[in-house]
Amino acid sequence: TRVRARAAFARANDAAPFVTLLDGDAAAALRAFEAKRTIPPREAKWWELLQAAEIEIGIALASHSAIARMRALDYLERCIALEPPFTPARRRLAWLQGMSVTSSP
């Protein structure tokens, strides 16, 4: 449910933009996600890639950006290549692959 999701995000690290998005303020959430956006280097560690992917997922959700969705997919695939048995990244990747995005930018 929405209440449980909000509570889970509130407990998570750096979850404020997700809570803002759940509260219905996509514009404010997008600004917060974009302020946290980083482009990990090619030699990034798996946790840096996962963090960058989560920000891109937030941007994709807040703005329906196909570009952010593609970045998140790339970061998650790179994360899994570095840490193959990493289940959270695999779950995010499977969910994101099923997510439809209707517009770009």
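Residue indices begin from 1 for each chain and proceed along its sequence in written order. Selection of residues for local features in this predicted model requires a pLDDT of at least 70, selection of side-chain atom pairs for listing and counting requires 80 or more, and totals for whole chains, interfaces and linings are taken over all residues. As a rule here, side-chain values cover all heavy atoms of the structure and leave hydrogens and water aside.

A. Spotlight on the overall build of the protein. Check the secondary structure of the protein and you find 6 helices and 0 strands. Think of it in three bands: with a 1.4 Å probe and only protein chains considered, a residue is buried below 20% of the maximum accessible area for its type, exposed above 50%, and partly exposed in between. The burial tally for the protein puts 36% of its 105 residues in the buried class. In the protein, once contacts between residues fewer than 6 apart in sequence are set aside, the share between residues at least 24 apart is 52%. Per-residue and other accessible areas were derived by the Shrake-Rupley procedure at a 1.4 Å probe size, with only the shown protein chains allowed to occlude residues. Entry remark: accessible area of the protein is about 6,300 Å², with carbon and sulfur atoms responsible for 56%. Runs of H or I in DSSP of at least four residues are treated as helices and runs of E of at least two as strands, each being numbered from the N terminus. The criterion used for residue contact is that any of the two residues' heavy atoms lie within 4.5 Å.

B. Spotlight on helix α3 (residues 26-36). Turning to α3, its buried residues are Ala-28, Ala-29, Leu-30 and Phe-33. Elements that come into contact with the buried residues of α3 comprise α2 (16-22) and α4 (46-63).

C. Region of interest: the nonpolar core. Think of a nonpolar core as a cluster: buried Ala, Val, Leu, Ile, Met, Phe, Trp, Tyr and Cys residues, connected wherever their side-chain atoms sit within 4.5 Å. The biggest cluster of nonpolar side chains holds 27 residues, and the ones touching the most others in it are Phe-33, Leu-50, Ile-59, Leu-76, Cys-79, Ala-89 and Leu-96. Elements with a contribution of two residues or more to this core: α2, α3, α4, α5 (66-82) and α6 (87-98). It is α4 that contributes the most residues to this core, 9 residues altogether. Contact partners of Cys-79, with chain neighbours within four places excluded, come to Trp-46, Leu-49, Leu-50, Phe-86 and Ala-89.

D. Highlighting the environment of Arg-37. By secondary structure assignment, the location of Arg-37 is in the loop between α3 and α4. Under the relative-accessibility criterion, Arg-37 is labelled partly exposed at 28%. Ignoring anything within four residues of it in the chain, the contact list for Arg-37 reads Ile-55, Glu-56, Ile-59, Ala-68 and Arg-71.

E. Structural detail: the confidence of the model for the protein. Averaged over all residues, the pLDDT of the protein equals 84, while 83% of them reach at least 70. Every residue gets a pLDDT, meaning the predictor's confidence in that residue, from 0 to 100. The element-level mean pLDDT for the protein is lowest in helix α1 (residues 2-11), coming to 62, with α3 highest at 95.

F. Representation of the packing of α3 against α4 within the structure. Packing of α3 against α4 brings their axes to within 9 Å, and their N-to-C directions diverge by 155°. One finds that α3 runs roughly antiparallel with respect to α4. Seen along the crossing, α3 lies across α4 with a hand that is left-handed. Residue-level contacts link Ala-26, Leu-30, Phe-33, Glu-34 and Lys-36 of α3 to Ile-55, Gly-58, Ile-59, Ala-62 and Ser-63 of α4. The residue classification treats Ala, Val, Leu, Ile, Met, Phe, Trp, Tyr, Cys and Pro as nonpolar and Asp, Glu, Lys and Arg as charged. All others, Gly included, are polar. Split into classes, the residues belonging to the contact of α3 with α4 amount to 6 nonpolar, 2 polar and 2 charged. For helices, the fitted line uses only the C-alpha atoms of the stretch in contact; every axis is such a line through C-alpha atoms, and the angle between N-to-C directions lies from 0 to 180 degrees. Here the word oblique covers every angle except those under 35 degrees (roughly parallel), over 145 (roughly antiparallel) and from 65 to 115 (roughly perpendicular). Crossings are classed by handedness, with left-handed meaning an anticlockwise turn of the near helix from the far one by less than a right angle and right-handed meaning a clockwise turn.

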